[in-house]
Every structure is written in structure tokens, then in C-alpha cells.
Amino acid sequence: MLDPRPHLGEPPALDLLNTRWMDHGPRDLLTDVSGLEIWLDSAGLSGAPANQRMLDAVLTTRTAIYDAVVHGSRDALNEVLDRGRIRRHLTESGPAATPEIDDPAWRPGWLAADNLLTLLAEAPARIRRCAHADCILFFYDTSKNGTRRWHSMTTCGNRAKAARYHARRT
């Protein structure tokens, strides 16, 4: 099945947040295991078979990431991160870092939580929520000057411009 979400291609942590969106009301991709399979495939996290335990773990992680990004809360995210670690070692081809997660159901969520740490270490101010009042999507601002405001200029950006134009004309 195709991914129905309006905005794809963000880093895994933000892509997980974007499994909720507005489209004539709130929508949520992660209401069942088939939606989880769509997200796993889209995020490049397919591996162990999706099941209800994995869905529950991913939903817990989505809430933890949201609370960390929006409210600055750390506890729930740290609880997710406590479920795994990065094992650093030397291989024939050089240094390697391998995620080790005890429970396969937590692997996708843990990888998304770990990705959030990477984004926070690189440029926390570039983790943004779309500026359109009716949009709940997140994006990682990769623009040169770091001033992007919309998850997509063709949707939310154009709607905001059209609303400003309409307000000036009336």
C-alpha cells in the first residue's frame, strides 16, 4: 500500500512524528499493524515482522519524541533509549557502530529515538513544526540560511500566502 501521508522524507524521528497529520480532520497512520508496516517501509526500517507489540513500542516512542521536541521533556525518551545501545567496534573495513536492542519490537522506535539525539546534537534549532496554523507536521530545516517555515511551500506556504493576499484585498 502507498504511504498516504502528505509529507515524507524527513529523518526517522520527525518522520515518526509525521505519522499524524491533518486532512479534513486529524489522521493517524499508526492505528493498526498495516499502518505500521507502511511507516517501517517508508522510513527504511523494515526488518522484523510488524506486530501489535512493535506498534505499541513505536507509539510509545512517538509520544516520547513529541514530548522531547515540543515540551523539552527527557524522561520518556530516555526510557526508550534505555532499551538499547550503540556498540562500537573495529571491523576489517574500519570502525563500526552497531545498534543493539534487546527486544526486536523496540528496534524501530529505538532507532527513531536515537536519530532524534543525532538531530539535537547537530542543530536543534533546525527541528521545526510547520508554521501554518492548521498543520501539525514537523521538518528538519536544511535550507542554507535556516529560515524555512513550512513543511512544504507548495501546500502550507502557498495557503499562507493566499490567505495574506486575500486579507489585503478585502
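Here goes a summary of the coordinates provided. (Residues numbered from 1 in each chain as written. Predicted model: local features only at pLDDT ≥ 70, side-chain atom pairs only at ≥ 80, totals over all residues. Heavy atoms only, no water.)

Right, let's get into the overall build of the protein. Along the backbone of the protein there are six helices and six strands. Classification of the 170 residues of the protein by burial places 38% in the buried group. Residue pairs in contact within the protein that sit at least 24 positions apart in sequence constitute 47% of those at least 6 positions apart. Accessible surface computed for the protein: about 10,000 Å², of which carbon and sulfur atoms make up 51%. (Helix = DSSP H or I, 4+ residues; strand = E, 2+ residues; numbered from the N terminus. Buried < 20%, exposed > 50% of the residue type's maximum accessible area, 1.4 Å probe, protein only. Contact = heavy atoms within 4.5 Å. Areas by Shrake-Rupley, 256 points an atom, 1.4 Å probe, with all protein chains shown as cover.)

A few words now on helix 2 (residues 33–42). Taken together, the buried positions of helix 2 are G35, L36, I38, W39 and L40. Next to the buried residues of helix 2 lie helix 1 (12–17), helix 3 (52–71) and helix 5 (107–122). Backbone geometry just after helix 2 places G44 at a positive phi near 75 degrees.

Compared with the 22 Å implied by 1.5 Å per residue over 16 residues, the 23 Å span of helix 5 between its first and last C-alpha is a close match. Burial in helix 5 covers these residues: P108, G109, W110, A112, A113, N115, L116 and L119. (Expected span 1.5 Å × (residues − 1).)

Attention shifts here to the packing of aromatic side chains. One pair of aromatic rings is described through two measures. These are the centre distance and the angle between the planes. Evaluation of the coordinates by the stated rule reveals one aromatic pair. Seen in terms of ring centroids, Y66 and F138 are 6.2 Å apart; in terms of plane orientation they differ by 90 degrees. Their pairing is edge-to-face. With a gap of 72 residues between them, Y66 in helix 3 and F138 in strand 6 (residues 138–140) connect regions that are remote in the sequence. Across from the ring centre of Y66, 5.6 Å away, lies the NZ or CZ of R20, which sits over that ring. If you follow R83 out to its NZ or CZ, it ends over the ring of W106, 3.9 Å from the centre. (Phe/Tyr/Trp six-rings, centres within 6.5 Å; stacked < 30°, edge-to-face > 60°. Lys NZ or Arg CZ within 6 Å of the ring centre and 35° of its normal.)

What the rule picks out here adds up to eight salt bridges. E100 serves as the salt-bridge partner of R87, at 3.8 Å between the closest nitrogen and oxygen. Taken together, the residues R87 in strand 3 (residues 84–91) and E100 in strand 4 (residues 94–101) connect sequence positions 13 residues apart. For R87, a relative accessible area of 35% translates into the label partly exposed. A residue is classified by how much of its surface remains accessible, and E100, at 29% relative accessible area, is partly exposed. (Salt bridge = Lys/Arg side-chain N within 4 Å of Asp/Glu carboxyl O.)

For soluble globular proteins, nonpolar side chains are generally found buried alongside one another. Core analysis: the largest hydrophobic core is formed by 40 residues, its most contacted members being L36, W39, I65 and L77. Looking at this core, the elements with two or more residues in it are helix 1, helix 2, helix 3, helix 4 (75–81), helix 5 and strand 6. Ranked by residues supplied to this core, first place goes to helix 3 with seven residues. The residues touching L77, leaving out its near neighbours within four places in the chain, are A64, I65, A68, A113, L116 and L117. (Core = buried A, V, L, I, M, F, W, Y, C linked by side-chain atoms within 4.5 Å.)

With that settled, the discussion passes to the environment of P12. Tracing the backbone through its elements, the reader meets P12 in helix 1. For the pair formed by P12 and D28, sequence separation is 16 residues and the distance between their alpha carbons is 16 Å. Once residues within four sequence positions are removed from consideration, P12 is found in contact with W39, A112 and N115.

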